[in-house]
Amino acid sequence: MELAQVRLLVTDFSACYHFYADILGLKPQSGAVDGPYEKFSPAAGSAGIALQDRSMMAQLLDELGESATGHRSLVVLRVDDLDAHCRRIAERGGTIAQGPAPLTDRMRVAHLKDPEGNLVELQEWLLLRG
């Protein structure tokens, strides 16, 4: 078994596309700005994040037609230099909600939200710094 992707069901596809491509700097697979589906990849690693229009999935599962509320997911991305990454996000118009700050003695984190309210955690693993 292999993890192919984490897929987020969204209602404002264009806003979420902009966030993951332009604010976080992930690479879109096809450039489908208006959806209904797009996969994003970081510069390293094989895991990806995908967006899918919620109404498309609601055609398959009726309960998905209801409005989603609250924090539904937490996407975690590892970065080498958390401070530099947060600066780039701010320069691109993103807002860091918390951090950068230590989470444990082995990790620093920062948190932000995508346009749908999904939480994104940026992690810097201190043990990898040498």
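All figures in this text were calculated on a predicted structure; none of them were measured in a lab.

Participant: Would you explain the sheet that holds strand 5 (residues 74-78) in this entry?
Facilitator: Sheet strands pair by backbone hydrogen bonding; their relative direction is either parallel or antiparallel. Strand order in the open sheet formed by four strands is 5-8-7-6, and the pairing between neighbours is mixed. The two strands at the open ends of the sheet, each matched to only one other strand, are strand 5 and strand 6 (98-104). Averaged over all adjacent pairs, the angle separating strand axes in this sheet is 30 degrees, with direction ignored. Lying on the sheet, helix 3 (residues 82-91) is in contact with strand 6, strand 7 (107-113) and strand 8 (119-125); it crosses strand 7 at an angle near 15 degrees.

Participant: What is the right way to read helix 1 (residues 13-23) from this model?
Facilitator: Residues lying three or four places apart along an α-helix face the same way, a consequence of the helix completing one turn every 3.6 residues. For helix 1, the full list of buried residues reads Phe-13, Cys-16, Tyr-17, Phe-19, Tyr-20, Ala-21 and Ile-23. At the exit of helix 1 stands Gly-25, carrying a positive phi of roughly 80 degrees.

Participant: Whenever I open this one, helix 3 confuses me. Can you help?
Facilitator: Looking at helix 3, one finds that the buried residues are Leu-82, Ala-84, His-85, Cys-86 and Ile-89. Looking at the buried side of helix 3, the elements it contacts are helix 1, strand 6, strand 7 and strand 8. You can read the cap of helix 3 off the contacts: a side-chain oxygen lies 3.3 Å from the backbone nitrogen of Asp-83, and it is on Asp-81.

Participant: How should I be thinking about the nonpolar core in this particular structure?
Facilitator: The nonpolar side chains of a soluble globular protein tend to be buried with one another. The biggest cluster of nonpolar side chains holds 24 residues, and the ones touching the most others in it are Tyr-20, Leu-24, Leu-51, Val-120 and Leu-122. For this core, the secondary-structure elements that each account for two or more residues are strand 1 (6-10), helix 1, strand 4 (49-53), strand 5, helix 3, strand 7 and strand 8. When residues of this core are assigned to their parent elements, the largest contribution, seven residues, is made by helix 1.

Participant: Looking at this structure, I do not really get the pairing of strand 4. What am I missing?
Facilitator: The side chains of a regular strand alternate, first on one face of the sheet and then on the other. Counting buried residues in strand 4 gives five out of five residues, a clear majority hidden from the surface. The two faces of strand 4 match: Ile-49, Leu-51 and Asp-53 on one face and Ala-50 and Gln-52 on the other face are all buried. Across five bridges, strand 1 lies against strand 4 in parallel orientation. The residue of strand 4 that forms the bridge with Val-6 is Ile-49. For strand 3 (residues 37-41) and strand 4, the ladder comprises four bridges, and the chain directions are antiparallel.

Participant: I would appreciate a short explanation of the environment of Asp-83 in the present structure.
Facilitator: Along the chain, the position of Asp-83 falls in helix 3. Assessed through its relative accessible area of 32%, Asp-83 is described here as partly exposed. Considering only alpha carbons, one finds Asp-83 and Glu-124, 41 residues apart in sequence, at a separation of 9.1 Å. With residues near it in sequence (within four places) discarded, Asp-83 still touches Pro-100 and Arg-108. Within the structure, Asp-83 has its side chain in polar contact with the side chain of Arg-108 (distance 3.0 Å).

Participant: Teacher, can you tell me more about the pattern of salt bridges here?
Facilitator: Proximity of charged atoms lets side chains of opposite charge pair with each other. Inspection of the entire model under this criterion finds three salt bridges. The salt bridge partner of Arg-108 is Asp-83, with a shortest N-O separation of 3.0 Å. With Arg-108 in strand 7 and Asp-83 in helix 3, this pair connects stretches of sequence that are 25 residues apart. What makes Arg-108 buried here is its relative accessible area of 16%. The closest approach of N and O atoms between Glu-124 and Arg-108, which form a salt bridge, is 2.7 Å. With Glu-124 in strand 8 and Arg-108 in strand 7, this pair connects stretches of sequence that are 16 residues apart. Bridged by salt links that share partners, the residues Asp-83, Arg-108 and Glu-124 form one connected network.

Thresholds, definitions, all that
- Residues numbered from 1 in each chain as written.
- Predicted model: local features only at pLDDT ≥ 70, side-chain atom pairs only at ≥ 80, totals over all residues.
- Heavy atoms only, no water.
- Pairing = 2+ DSSP bridges.
- Helix = DSSP H or I, 4+ residues; strand = E, 2+ residues; numbered from the N terminus.
- Axes fitted to C-alpha atoms, helices over the stretch in contact; angles between N-to-C directions.
- Contact = heavy atoms within 4.5 Å.
- Buried < 20%, exposed > 50% of the residue type's maximum accessible area, 1.4 Å probe, protein only.
- Polar contact = N/O pair within 3.5 Å; in protein donor to acceptor, adjacent residues only side chain to side chain.
- Core = buried A, V, L, I, M, F, W, Y, C linked by side-chain atoms within 4.5 Å.
- Salt bridge = Lys/Arg side-chain N within 4 Å of Asp/Glu carboxyl O.

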